[in-house]
Amino acid sequence: MSEKVVLGRDDLRRTLRRIAHEIAEKNPAPDSLAIVGIHTRGAVIARRLHALLGEMTASELPIGDLDISFYRDDVGAKVPASQPVVHASHVDFDLSDRTVILVDDVLFTGRTVRAAIDALFDYGRPQRVQLAVLCDRGHRELPIRPDYVGKNLPTARGERVNVRVEEVDDVDEVTISEPCAAEALA
Amino acid sequence: MRHLLGIDQLSRAEIEAILDRAESFAEVGRRDIKKVPTLRGRTVVSLFFEASTRTSSSFELAAKRLSADLVSIKSGGSAVDKGESLKDTIATLSAYDPAAIVIRHPYAGAAQLVAGWSEAAVVNAGDGKHEHPSQALLDLFTLRRRLGSLDGVRIWIVGDVLHSRVARSNLVAFQAMGAEVTVCGPPTLIPRGIEALGCKVSHSLDRLGEAEVVYALRLQKERMAETFVPSLREYAARFQIDTRRLAPRQLLMHPGPVNRGVELSGEAVDSPQSLISEQVASGLVVRMAILYELLAARERPTPVEGEGVRTGPTPLGQPA
């Protein structure tokens, strides 16, 4: 399986810094912001954006993370072994009157984001929800568009986009790999 | 896992997976909206042929919190009163195409039979004196939260072991998680040969002090056709767990309902060592995890389109 690096360590960090700037620019009142990441790597990226925004705005924004396993639209369509590991969600602040920046690593079909928005609304009624993603690889199946994109990656449907972050994978990079037979079927 | 019939069908890893899942459902219970859409459109049948407060209410609430549709039947007031057999009852309810059947029945092996008659996932909510696996799992969850791990923890199961399905399931479950179990009670209430399950046996409370956890059982008067104890007073005098016998460092559990003044004194039930109400709270989240584990991993009951290749939409976040 061949793998091509599209964002290296420095590219990835520069990209996140740019996204943080865009968020700060588009939301002049940082006090009403909150960051919520989608497990697993979206939550890591959310923590990084949270730290960057904290430096820029000199304020401590609320941060949370969401596990969307209970909101998936394909529950029951998977074999037990591939059932995702569940991490509990943590949203310990009041969402009402806040602009929530939802963060994920890769935007693909849009189904994860749909599930995350559903999950978010079980915690309260945010004033606004914006979506920040590190990579947008296209192939949307739902009418969902990101507000902040790190990198647009034109991909074939069968290709795989791998986001690796130091906190989980010991390395910061984004790669595209060719499909292998089993994955193309899945 | 296709059915949950007994605790002995589960490996330690499978038990831990269910307990981890229950931990996430505990988080759901702390939200404003304590409900998730996971099992939307599935039907869960709860069928109780024996009295129950905790088990039936928590399974029913668990199904509702997962957004499943629930049909709840108690033997009293149903066609069972008119003499309908178990098999016919299951055939009738199968017409609703249930995804899961939760059953409690006075005869051992009832859940196993139902699993053979129905397409649904069957959860044994207690069958006679045989097994009560969801109780064992919720007790493990409660203890794991308190103690972290059960490895090497000494647990005494005290009371009417003979008539207790909880004793059987919990004995297996506690040992599977690495605990050392002693069963204690008068010789008439300890099944002969129970040592074969790997536990120790004691006929007095003299060494109760060595236990870190005391698990008391209800004296099951309804299952006693003959006299197993001379009198309730004499039983209480020798085997009641009270605050004098229970040290402050020991944890007290009981599957409920408690006969106050028989196997437990009133003060012991209400003492700070008592985990009894935590057990009830654990029951809800553990039963959510059981239903999730059985149903979320299983195909929806829709007609099969083609063989082998799924034609549905792209799974969420597949390579994401």
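None of the values given here were measured: they were computed from a predicted structure.

A. Just unusual backbone geometry, in detail. Omega for the peptide link from A:His39 to A:Thr40 comes to -5°, which places this bond in the cis form. Structurally, A:Thr40 can be placed in the loop between strand 2 (33-38) and helix 2 (41-57). Cis peptide bonds are those with omega within 30 degrees of zero, and the linkage from B:Gly256 to B:Pro257 qualifies with -10°. The residue B:Pro257 is located in the loop between strand 9 (251-253) and helix 8 (266-270) in this model. Phi at A:Ala58 takes a positive value of approximately 50°, unusual for a residue other than glycine. Within the fold, A:Ala58 resides in the loop between helix 2 and strand 3 (63-66). For A:Ala58, a count of 8 C-beta atoms within 10 Å translates into the label exposed.

B. Highlighting the sheet that holds strand 6 (residues 180-184) of chain B. Residue and element names in this part refer to chain B. Read from one edge of the open sheet, 5 strands run 7-6-5-8-9, paired in parallel fashion. At either end of the open sheet lies a strand with only one pairing partner, and these are strand 7 (200-202) and strand 9. Adjacent strand axes in the sheet meet at a mean angle of 25° when their direction is disregarded. Both strand 8 (residues 213-216) and strand 9 contribute to a ladder of 3 bridges, which runs parallel. Looking at the pairing, Val 213 lines up with Leu 251 of strand 9. Against the sheet, helix 6 (residues 165-176) touches strand 5 (154-158), strand 6 and strand 8, its axis set at about 155° to strand 6.

Thresholds applied
Residues numbered from 1 in each chain as written. Chains lettered and ligands numbered in written order. Predicted model: local features only at pLDDT ≥ 70, side-chain atom pairs only at ≥ 80, totals over all residues. Helix = DSSP H or I, 4+ residues; strand = E, 2+ residues; numbered from the N terminus. Buried ≥ 20, exposed ≤ 12 C-beta atoms within 10 Å, placed from the backbone. Pairing = 2+ DSSP bridges. Axes fitted to C-alpha atoms, helices over the stretch in contact; angles between N-to-C directions. Contact = placed C-beta atoms within 7 Å.

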